[in-house]
Every structure is written in structure tokens, then in C-alpha cells.
Amino acid sequence: MSAKKETVKTDRRILRTKKAIKTAFAELLARKSPNEITVTELAKAADINRKTFYNYYSDIYQVMDEIEDEIVTAFENALQEVDILQDIQTPYCLLEQLTDTIDCDLAFYTTLLRTSSNSQLIDKIIASLKSILTETFASYLDVDARILDMVMNYTVAGIADVYRNWVTAEERLPISEMYRQVSLMTFEGLGGILKNAQK
């Protein structure tokens, strides 16, 4: 076997092993907090031994950090696929990109976001989205930086929480309706929702 093929085979094996570790970690996280999860039980859940675990991670928290960073990067990449300034008035495309990202491994994301230990992950996602949106609008609008910061805090945190609840809900609104309501709330506020409900 050539060195190149051997490398590809090794890389795939590494990816499969790390995927198994992350999936097992998410499943354990649904039942207990990170500081209650041991390397021994994580390795057993991932069907590997402790030595294999330590080949890739120094501890449980490194697994969690890597999962969080990968999710944030996936969301950032999704944002690169849309024209924020054009699509923000009707953010269907933006939300669709985020949904496509999650749909690639819905069970994994749902398990992770349903846990009580996901606040750090949500904070990272919010900070990333806020940074990208703030930079975009700051270059486009002549607005006081303090006001823009306030608007971004309100908007991004709201959208992130609505989206997290939609992903983890037992009974979901149709996605098109969720998109429509988020758009309405974002650009017309509570008054827009109430006005629309009276039609």
C-alpha cells in the first residue's frame, strides 16, 4: 500500500474514533454534567480503551472544547454562504443555512443542545454570530457603536434562543413558520406578531 493511501486510511480511522468519542460524550452529557463524566466511562461508551482516548485528548474538557469550536466554525461557515445585508430583512436564507448545518447530524446536535451544560456552547455561538453581524453592519451603517452593540445583543441572543428551542422541541413548528415568525419578530417586534395574529 502506498504511503498516501496509508495516510488516508489512518486519517479516516482517526476521524471515526474522534467522532465516536464526541457522540458518546454528547450522550453522557444528556445525563450528567461534564465534571461527573470520567474518561473510563467515556471510553467505554465510545467502545475504545483509555489509551486510545489519551492519544487524542488530554481530558474530558478538551473534548467539550473541540466540539464547541467545531460547531461555532460550522455556523460561521454557514454565514459565509449568505449575503447578510441582502438577506437580513427576510432571514430565511440565513436560518436555512444554519438548519442545513444542524441537519447534517440532527440527533447529535439535539442531544447536545438539550443538556443543562450547554450554556458555554450557546455563549460561543452568540459571540461568534454577533461579531460577524456587527462587523457587517458597522461597515454599512452610520450608527453609534453603543446602539449597534445593544441591537446586536438583543437580536442575536433572541434568535439563538428561539432556534435552540426549536431544535430541541418535541413538537416543532413547521420550519417555514418558524422562519416567518423570527423574521416578523426581528423586524417588527411584539407589535408585529400581535398585529399579524389579529388578521
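This text follows the structure it describes.
Bear in mind that the values here come from a model prediction, so they are computed numbers and not experimental data. (Residues numbered from 1 in each chain as written. Predicted model: local features only at pLDDT ≥ 70, side-chain atom pairs only at ≥ 80, totals over all residues. Heavy atoms only, no water.)

Colleague: Just to check I follow, could you spell out the overall build of the protein for this structure?
Modeller: Helix and strand counts for the protein stand at ten helices and zero strands. Scanning the protein from its N terminus toward the C terminus, one meets helices and strands in the order α-α-α-α-α-α-α-α-α-α. Across the 199 residues in the protein, those meeting the buried criterion constitute 37%. Taking contacts inside the protein between residues at least 6 apart in sequence as the whole, the part at least 24 apart equals 60%. (Helix = DSSP H or I, 4+ residues; strand = E, 2+ residues; numbered from the N terminus. Buried < 20%, exposed > 50% of the residue type's maximum accessible area, 1.4 Å probe, protein only. Contact = heavy atoms within 4.5 Å.)

Colleague: Is there a simple way to think about the side chain of E68 in this case?
Modeller: Within the secondary structure, E68 is located in helix 4 (residues 60-79). Leave out the neighbours within four places in its chain, and E68 touches Q120, L121 and K124.

Colleague: Looking at this structure, I do not really get the environment of A145. What am I missing?
Modeller: When you line up the elements, A145 lands in helix 9 (residues 145-168). A C-alpha to C-alpha distance of 9.2 Å links A145 and T134, two positions eleven residues apart in sequence.

Colleague: Would you mind showing me how to read the nonpolar core here?
Modeller: In a soluble, globular protein the nonpolar side chains are often hidden away together inside. F25, L42, V63, I71 and L112 are the most contacted members of the largest nonpolar core, which totals 44 residues. Those elements that provide at least two residues to this core are helix 1 (3-29), helix 2 (39-45), helix 4, helix 6 (92-103), helix 7 (106-114), helix 8 (119-138), helix 9 and helix 10 (175-197). In terms of residue count, the dominant contributor to this core is helix 4 (ten residues). Among all residues touching L42, those that are not within four sequence positions of it are I21, A24, F25, L28, I37, F53, I60 and V63. (Core = buried A, V, L, I, M, F, W, Y, C linked by side-chain atoms within 4.5 Å.)

Colleague: Any chance you could explain helix 9 here in plain terms?
Modeller: In an α-helix, one turn spans 3.6 residues, which is why side chains three or four residues apart end up on the same side. Taking 1.5 Å as the rise per residue, helix 9 with 24 residues should run 34 Å; its terminal C-alpha atoms sit 34 Å apart, in good agreement. Two or three places before R146, at the opening of helix 9, D144 has a side-chain oxygen 2.7 Å from that residue's backbone nitrogen. (Expected span 1.5 Å × (residues − 1). Polar contact = N/O pair within 3.5 Å; in protein donor to acceptor, adjacent residues only side chain to side chain.)

Colleague: Looking at this structure, I do not really get empty space enclosed by the protein. What am I missing?
Modeller: Over the atoms rolls a probe the size of a water molecule, and its path tells where empty space is left. Across all of its chains, the model carries two cavities of 30 Å³ or more by this definition. Quantified by volume, the largest cavity comes out at close to 260 Å³. Lining of the largest cavity is provided by 21 residues; of these, L98, I125, L129, A160 and Y163 occupy positions nearest its centre. Listing elements by their share of the lining of the largest cavity, those giving two or more residues are helix 4, helix 6, helix 7, helix 8 and helix 9. Looking at the lining of the largest cavity residue by residue, the classes come out as 19 nonpolar, one polar and one charged. (1 Å grid on protein atoms, 1.4 Å probe; cavity = no way out; pocket = protein on both sides within 12 Å on 5 of 7 lines; lining within 4 Å. Points joined across faces, edges and corners; volume = space filled by probe spheres on them. Nonpolar A, V, L, I, M, F, W, Y, C, P; charged D, E, K, R; others polar.)

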